[in-house]
Structure formats: C-alpha cells, structure tokens
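# Fold and geometry: a report
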Amino acid sequence: MQKNRLIPGLVVLFALWWPTAHAAITPNTSLSADQLASRFLGQATFGPTPEGIAELRGFLGNNYSLWIDREAAKAVTSTVALQQSQKDSGAITAFDKTTNRRARTQVMMTAPDQLRQRVAYALSEILVISDADTNVANGLDGSSSYYDMLARNALGNFRTLMMDVTRHPMMGRYLSHYKNRKANTTAGTRPDENYGREVMQLFTVGLYQLTADGNYIADGTGRPLETYTSDDVSNFARVFTGFTDDSANNTGTGTGRLDFPSAAVNYTAPMRMWDSQHDSDAKTLLRYNGARKPTLPAGQTGLQDVQDAIDNLIEHPNTAPFISRQLIQRLVTSNPSDAYVGRVAAVFINNGAGTRGDLLAVVKAILLDNEARATSFIADREHGKLREPFLRITHLFRAFRFTLATATSAYDFGASVSESTLGQFPLGSPSVFNFYAPDYEPPGPIGAAGLVGPEFQILNSVFAVTTPNALYNITQNTAGQFRISTADQEALVATSNSALIDNLDTLLTHGTLSANSRAIILKALDGVTASMVPGGSTLAQTRVRLAIYLIASSADYAVLK
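Before going into details, it helps to say that this report is about the structure given with it.

Reading the values: the criteria
- Residues numbered from 1 in each chain as written.
- Predicted model: local features only at pLDDT ≥ 70, side-chain atom pairs only at ≥ 80, totals over all residues.
- Heavy atoms only, no water.
- Helix = DSSP H or I, 4+ residues; strand = E, 2+ residues; numbered from the N terminus.
- Rg over C-alpha atoms; globule rule 2.2 N^0.38 Å.
- Buried < 20%, exposed > 50% of the residue type's maximum accessible area, 1.4 Å probe, protein only.
- Phe/Tyr/Trp six-rings, centres within 6.5 Å; stacked < 30°, edge-to-face > 60°.
- Lys NZ or Arg CZ within 6 Å of the ring centre and 35° of its normal.
- Salt bridge = Lys/Arg side-chain N within 4 Å of Asp/Glu carboxyl O.
- Expected span 1.5 Å × (residues − 1).

Here we take up the overall build of the protein. From N to C terminus, the protein includes 26 helices and eight strands. For 561 residues, the compact-globule estimate of 2.2 N^0.38 gives 24 Å, and the C-alpha radius of gyration of the protein, at 25 Å, lies within 12% of that figure. C-alpha atoms of the protein, sized along the principal axes, occupy 85 × 60 × 45 Å. Burial statistics for the protein: of 561 residues in total, 56% are counted as buried.

Okay, the packing of aromatic side chains next. Taken as a whole and assessed by the stated rule, the structure comprises 19 aromatic pairs. Between the aromatic rings of phenylalanine 158 and phenylalanine 348, the centroid separation amounts to 5.5 Å while the plane-to-plane angle is 65°, which identifies the pairing as edge-to-face. Note that phenylalanine 158 is positioned in helix H9 (residues 158–167) and phenylalanine 348 in helix H15 (residues 338–349), a separation of 190 residues in sequence. A single burial state applies to phenylalanine 158 and to phenylalanine 348, both of which are buried. Above the plane of the ring of phenylalanine 95 lies lysine 87, whose end atom (NZ or CZ) is 4.9 Å from the centre.

Summed over all chains, the structure comprises 28 salt bridges. Measuring nitrogen to oxygen at the nearest pair gives 2.8 Å for the salt bridge that ties aspartate 131 to arginine 101. Of this pair, aspartate 131 sits in the loop between helix H6 (114–124) and helix H7 (134–137) while arginine 101 sits in helix H5 (residues 97–110), and the two are 30 residues apart along the sequence. Pair check on accessibility: aspartate 131 and arginine 101 agree, each one buried. When the shortest N-O distance is used, the salt bridge between glutamate 371 and arginine 343 registers 3.4 Å. Residue glutamate 371 is located in helix H17 (residues 370–373), and its partner arginine 343 is located in helix H15; the two are separated by 28 residues in the primary sequence. Residue classification places glutamate 371 among the buried positions, given a relative accessible area of 9%. Relative accessible area serves as the criterion here: at 39%, arginine 343 is assigned to the partly exposed category. A network of salt bridges, in which partner residues are shared, links Arg101, Arg104, Asp131 and Glu419.

For helix H8 (residues 142–153), spanning 12 residues, the distance from its first C-alpha to its last is 17 Å, which sits close to the expected 16 Å at 1.5 Å a residue. Counting buried positions along H8 gives 11 out of 12 residues, so the element sits mostly inside the fold. Of all the residues in H8, the buried ones are Gly142, Ser143, Ser144, Ser145, Tyr146, Tyr147, Asp148, Met149, Leu150, Ala151 and Asn153.

This is the structure in structure tokens:
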C-alpha cells in the first residue's frame, strides 16, 4: 500500500532556541478571514504578501476559485526574456548557470502570475533537469527556457507538457536522447535507454501498478505488481531516437548522408526529428485495458511514434493518480488521503468536459478540495507538509516587502542562502530523482507510523544548523543583495508586542501559531530592554527582528498546515 500521511510538530530539528516549546505543538485552528487567505496563498504561491492577502480578502472576498481563474488568465512571465533584457541593457554579458539561477529567482519571487510559477516549480521537481549536470549548466539560457516551458504548460494540458518536455533540448541532453541513434547491428550499438526509462518511472506511470486512488496493486503474496518491464524500456528507447538540434539544414552527414545534419547548437528550440536516425520498425508499448495503440506499426514517422508513445503513457491508468498525488504533496500535504488522491485523479482523467490532463482543473481540484481548505485538518497530526528550505526563504522575503541593495542589483542571495546552507536550489538537484523522493519515510516517529515526509530527505545534521543560520542572517542582517522591510511591524510594537505577534502569525504561520509558541515569543520580546539594542538599531526594530526569527525558525513555520 502507498504510505500517505505526515505528522506535523515532529518536523523540526531547528528548535535550538526553545526545545521545550516543540515537545508537542497544538496549532491554532480558529482563523480569521485574513489568515484563511494567507493559508491559501501559502499553498498557491511562493509566499503570501500583505498586498496579496488584502486583495484576496477584500476585492475577491476569499473567492479562491475566482483567484485561480484570474491567475490562469495572466500572461506567462519569462525568465529567458528577463535575461535577454538584462543582456541588452548591459547588466549581464552572457548567459550562464549564475545568471539563469538569478533570473529564475527573480521570476519566482516577483512574477505576477504566482500560481503558474508555483506549479511550474512543483513540476520542476517531478519532470527534473538539473544544472548540477554540466550539459545543463553549460547550455547558455537553456535551463531557463526549460523552466519557462514548464510555466507555459503549468495550467495547460499534460499531454502538451509531456511532448514539450520530451522535445526540449535540455531534457534531451540531461537524459541523453539528444542525438540518440537507432540500433546499428554492424557497430553493435543500441539506443540509449535513459529517457525511455525515466519517462515511465518518474514522469508518468511509476514503477508499480496503482488503483484509481493511488494505492499499490499487489499479487497474491502482497508484492506490488510492476508497471513495465525491461523490454518495455527498450521499446520506448527506440521511440526516442532521431532527435537533434532544430535547424533548417536538411543535408545529412556520414555514409549515405544518413547521420544527423551539421547544425548550430540550439538550447532553447524544440528538438527536430531526423527520421534517418529514428528506429522506424514496429514497437510494442504498454498494454492495458483501453490502450488505443499498444503496438506501433513499422514505417511511421519519428514524431508520430513519439506522439503515440506519449498518448500510451498519459492514458495509462497509473498516470492520473501518480501525478495527482505528487502535485498534492508539493502544494498541500505529504500524506493525502486515498479519497483526496482519487478525487483529483478523477479530474485529471476528465475535467468535466471530456478532457484528460487539464492541469488547471487538476490544480483547482487540489487547492479547493476540503482537505486543503477545511481548518479541521490543521489539527490533524497526519496533515500538512514540511516546507522546502527554498520556499521558507521566498516566503520570508515576500512577507516583508524585500528590497535590493541597489536598483540594479542582481537577485543574489549571497553565500548565506545557497545549496550549502539550504541543501537545495531550484533546478539544481543531485540527480533526476530530485532532492527527495515522494515516498521517503524519515527515520523515527513519522516512518514508524507508516507515513512519508519527502522534504525530510533534505534535512540532516548540517542543514538543521545552517538553515536557521540563514534565517538569522535574513532577519538580523542581510542575505546578499536582499533586505527585508519591517517598518509596518515596528509601528505595531508601539501598540503591543501581542499585536506584533498577531501580524507575524498572519504573514508567516497563517494563524496557526500555537498558544505555547506564542507565549514563549511574547516572553522573549518582553525581556528585550534598551540596553540590549545593538548600535544602529531601535528597541522596536530589535524586538521585531527577534520575533520574526523566532517564528521563522519554529516548527510552526517549518510545517505548512
């Protein structure tokens, strides 16, 4: 059976400040309208802002469905276009790993189409490429082009997304189906099987057969039934042969002019099909009830083979629950109930108008489901998710109207916020398996309860210290070019420390801050005196920054409820 639940409150080893406060956390479940809006935006964006909360609460009346529709109608913000404008202005001189990362960071933190960008980020951890691979890192603006492609399709159709993923030159280089040649019996070579394997294992059907609500189907001994075989991998590898750089050059090279044409390297345009290097023999795909085309006839064009193969995978009974569950995990909760997965998977299969793979409908189903919206689930110890370190950082900056050191500064976090301190950075995972596995069971109470906590796979004894240190640098000093603005919060201190905590609770913990944590923070703030104020600071600023840090390093904030 799939393991589907998370225990919040057991999540954080960061509780170095107040160990007794985190022995047992009982989150508050009585939320105001502003806090309900903040909670929704915590799931659907890179972090709620005061303006975002006010708009959703006031103008939209907490109509989450309308907010989603408005987000879907917004133009796609492009990281490639941003980089090109920076190059045109002279702000950068070339495209490289650093400029790609900074541009993506800027888009994630500031783009108006926040829902689309947030879903694209979730997809980037399912349909993985990584600039830890030199083929991607050295691909000019190719990695940002790949992220833009995810954003374009994030609220579109999954079939279009998978065709674009398959044909993107960065995926071709990362999983080595770029210039993948058909078998050559004389030379004794066979097609590379990398993409043929991962497109099944990670991108569509998964390793084991699933029920409609995402549980494993087992044989008589209880062993999960596998979805595909090594022969299936070989057949799909043959499908993904013949891709090369987009070019108008139609003159082949080598003996008989059958090998790939000479062409300028292209890291952004969809790969073209060179049929002379595509395996055009018959192929067998996955067989299942309702499969429209389990066998590909000989003589089809390369792109027709690819389209048929993608259809075969997307229409497989596994794909809807396999993808739906992971999107729920990325946005709402690590351990969705079987019923939650089933409801979302049903929308993936049919959006109500007969369309399969409508990601806008799927995302709406995820975010509007009772398990995402009902406050009763806040108290459920199996509900919620550990926030990824990167999302903890973006949330913190967005909550306090961050500024840059100068108007022309790059979006550079500096050494205090990096893979070395967080254990992750977008599109930089150590392998195609992402920074963590969706079924990762942390040692200890969570795993022992048969639950999963994917993001815990990032957490170790090093990052348990360096991540709170990064949060400290952000709240007390700076992080690279970034500064937080706390003027609004400093004004609240004049009213009372309790008013300050109310504000921070709404912005950071969405109203779920536990009474125990609140009492400890209030006591700490009451204990700050004028003699403790650092040079260049005020008493109000010192109290505000201490309060932000104590909440940001707490289990209440680390767990999204």
